[in-house]
Amino acid sequence: MEDVFRHGEGDTIYDTQLGLSNLVIVHSTGVYSHRVSWCQCPGADKDRHLHLLKARLFPASITRPQSAFTFNVLDHFLIDALECKTSAMSFYQKLRCFTNNAFPHEISDRYCELMWVFRIWRDLMNRIRFGFGHETDRSPAPGDLALYCLACPQPGINLPSSWKNSYDDWLVMQRYVVNGNFTAQHMKMKTPEDDVSLADGKGYMVTEEPYEAHITESIEKNEASCHISNHRAVNAANVQRSNLRATGVGATACARHGCFVPHSVVDFQKGERYVVTSLYYHLC
């Protein structure tokens, strides 16, 4: 592969007619540029992104791809972000140094493209792991892209079909605990319409639209001020902050092992309100 800083970007009209273009390829060993001749055989796919996917290259665009990421580098970043907590900026800067350690700033910046592609790649890998990668006629239901506690009693999984006749109810009863975190704050976005969810409600978080409808329709009951409930910590958590989209997060977990319950994690809008807390038990 030839280093990307040795080539200029942009295709001429003559190159476009011949099916030629410059393609920036990001690999785990560096960032490279290739002169690509797209297949124009009769009957061949006209979509260039399909040719890249068959070559194990994930395109950053499906209309006129000019950048692509190898499956290897996406898997590498997936493990790197999980185990080493590496940010996308640091990861791409490392790849630029691999390509040209003396002048990494001369390497093309594909940081934004990495963020777009990796978000889709992570969602695709998650769907494949849960059995939805190759079935286009079946979509995941709420909570289907999350794991429930493997040790808790679950009929059809770790309990026989005759479990009602074999065990006492108290022995196989599922027990839950509810807790919240008031430090996990989320600020409001300038353009919230650009925040497109790829798996809304499919994992541990609840589906956004029904949850917001529940919060809007529910009537909040003000707590009576007394020496028991009027604590500074509670009052500070219940203060409305106009710059925050969420003031915290609440979750339901199994009481035995502490594993989160799928489709049961919610955002706090104004502290630990009663309408939010009642939703936990409704979801369980």
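Residues numbered from 1 in each chain as written. Predicted model: local features only at pLDDT ≥ 70, side-chain atom pairs only at ≥ 80, totals over all residues. Heavy atoms only, no water.

*Asks:* What am I meant to see in the sheet that holds strand β10 (residues 266-268) here?
*Replies:* Think of a sheet as strands paired side by side through backbone hydrogen bonds, with each pair either parallel or antiparallel. The strand order across the open sheet built from three strands is β6-β9-β10, with neighbouring strands paired in antiparallel fashion. Where the open sheet ends on each side, the last strands, each with one partner, are β6 (176-181) and β10. Here the strands of the sheet are splayed against their neighbours by 30° on average, with no regard to which way each runs. (Pairing = 2+ DSSP bridges. Helix = DSSP H or I, 4+ residues; strand = E, 2+ residues; numbered from the N terminus. Axes fitted to C-alpha atoms, helices over the stretch in contact; angles between N-to-C directions.)

*Asks:* What exactly am I supposed to notice about the layout of surface pockets here?
*Replies:* Rolling a probe over the atoms, with the probe sized like a water molecule, indicates the empty space that remains. Of the pockets and cavities examined, the largest pocket occupies roughly 1,400 Å³. Taken together, 40 residues line the largest pocket, and the ones lying closest to its centre are S197, A199, D200, G201 and M205. Mapped by element, the contributors of at least two residues to the lining of the largest pocket are α3 (71-83), α5 (111-129), α7 (208-217), β8 (244-246), β9 (248-254) and β10. At five residues, the largest contribution of residues to the lining of the largest pocket is made by α5. Here the residues of the lining of the largest pocket sort into 18 nonpolar, nine polar and 13 charged. (1 Å grid on protein atoms, 1.4 Å probe; cavity = no way out; pocket = protein on both sides within 12 Å on 5 of 7 lines; lining within 4 Å. Points joined across faces, edges and corners; volume = space filled by probe spheres on them. Nonpolar A, V, L, I, M, F, W, Y, C, P; charged D, E, K, R; others polar.)

*Asks:* In this structure, what is going on with the pairing of β9? I would like to understand it.
*Replies:* Regular strands place side chains that alternate from one sheet face to the opposite one. Among the seven residues of β9, six are classified as buried, and the element is accordingly described as predominantly covered. Of the pairings in the sheet, the one linking β6 to β9 comprises six bridges and is antiparallel in character. If you follow G180 over to β9, its bridge partner there is G250. Relative to β10, β9 is paired through three bridges, and the arrangement is antiparallel. Opposite G250, over in β10, you have V266 as the bridge partner. (Buried < 20%, exposed > 50% of the residue type's maximum accessible area, 1.4 Å probe, protein only.)

*Asks:* Help me understand the nonpolar core, please; the structure alone is not making it clear to me.
*Replies:* If you look at the biggest cluster of nonpolar residues, it comprises 20 residues, and the most contacted ones within it are V26, V31, F69, V73, L74, L95 and L114. When contributions to this core are tallied by element, the ones reaching two or more residues are β2 (20-27), α3, α4 (88-99) and α5. When sequence neighbours within four positions are dropped, the list of residues in contact with V26 reads V31, A68, F69, T70, V73, Y92, L95 and R110. Membership of the second largest hydrophobic core comes to seven residues, among which are L23, I25, W38 and L52. (Core = buried A, V, L, I, M, F, W, Y, C linked by side-chain atoms within 4.5 Å. Contact = heavy atoms within 4.5 Å.)

*Asks:* Is there a simple way to explain the pairing of strand β3 (residues 30-37) in this structure?
*Replies:* Direction of pairing for β2 relative to β3: antiparallel, over a ladder of eight bridges. Within β3, the position partnered with V24 by the bridge is S33. The turn joining β2 and β3, which pair antiparallel and follow one another in sequence, is formed by two residues.

*Asks:* Hey, could you run me through the packing of α3 against α5 in this one?
*Replies:* Contact pair α3 / α5: the axes reach a minimum separation of 10 Å and the direction vectors enclose 80°. In this view, α3 runs roughly perpendicular relative to α5, as classed from their interaxial angle. Across the interface between the two elements, F71, L74, D75, F77 and L78 of α3 pack against L114, V117, F118, W121, R122 and R129 of α5. In terms of residue class, the contact of α3 with α5 is built from eight nonpolar, no polar and three charged. (Parallel < 35°, antiparallel > 145°, perpendicular 65-115°, else oblique.)

*Asks:* Please explain the environment of L198 as it appears in this structure.
*Replies:* On the secondary structure map, L198 appears in the loop between β7 (186-187) and α7. As a C-alpha pair, L198 and R119 span 79 residues in sequence and 8.6 Å in three-dimensional space. Setting aside residues no more than four positions away along its own chain, L198 makes contact with R119, I120, D123 and R127.

*Asks:* What am I meant to see in α3 here?
*Replies:* Since there are 3.6 residues in each turn of an α-helix, residues three or four apart along the chain are aligned in direction. Look at α3: 18 Å from first C-alpha to last across 13 residues, which is about the 18 Å you get at 1.5 Å a residue. Looking only at α3, the buried set comprises F71, V73, L74, F77, L78 and D80. The elements touched by buried residues of α3 are β2, α2 (48-54), β4 (57-59), β5 (67-70), α4 and α5. The first or second residue beyond α3 is K85, which carries a positive phi of 55°. (Expected span 1.5 Å × (residues − 1).)

*Asks:* What's the story with the confidence of the model for the protein chain in this structure? I'm lost.
*Replies:* A low pLDDT means the predicted coordinates there should not be read in detail. Averaged over every residue, the pLDDT of the protein chain is 81; residues scoring 70 or more account for 80%. For the protein chain, the element scoring lowest by mean pLDDT is strand β1 (residues 2-3), at 40; β5 scores highest, at 96. Here residues 1-17 is a poorly scored stretch, pLDDT under 50, and it has 36 contacts once near neighbours within four places are set aside; other chains count. (pLDDT = per-residue confidence, 0-100.)

*Asks:* Honestly, the pattern of salt bridges in this entry has me stumped. Any pointers?
*Replies:* Oppositely charged side chains can pair when the atoms bearing their charge come close. On inspection of all chains with the given rule, the structure shows two salt bridges. Between D80 and K94 there is a salt bridge, with its nearest N and O atoms 3.6 Å apart. Of this pair, D80 sits in helix α3 while K94 sits in helix α4, and the two are 14 residues apart along the sequence. In this structure, R127 engages D123 in a salt bridge whose closest nitrogen and oxygen atoms are separated by 2.8 Å. Of this pair, R127 and D123 both sit in helix α5, four residues apart, which is roughly one turn of the helix. Here R127 matches D123 in class, with each residue buried. (Salt bridge = Lys/Arg side-chain N within 4 Å of Asp/Glu carboxyl O.)

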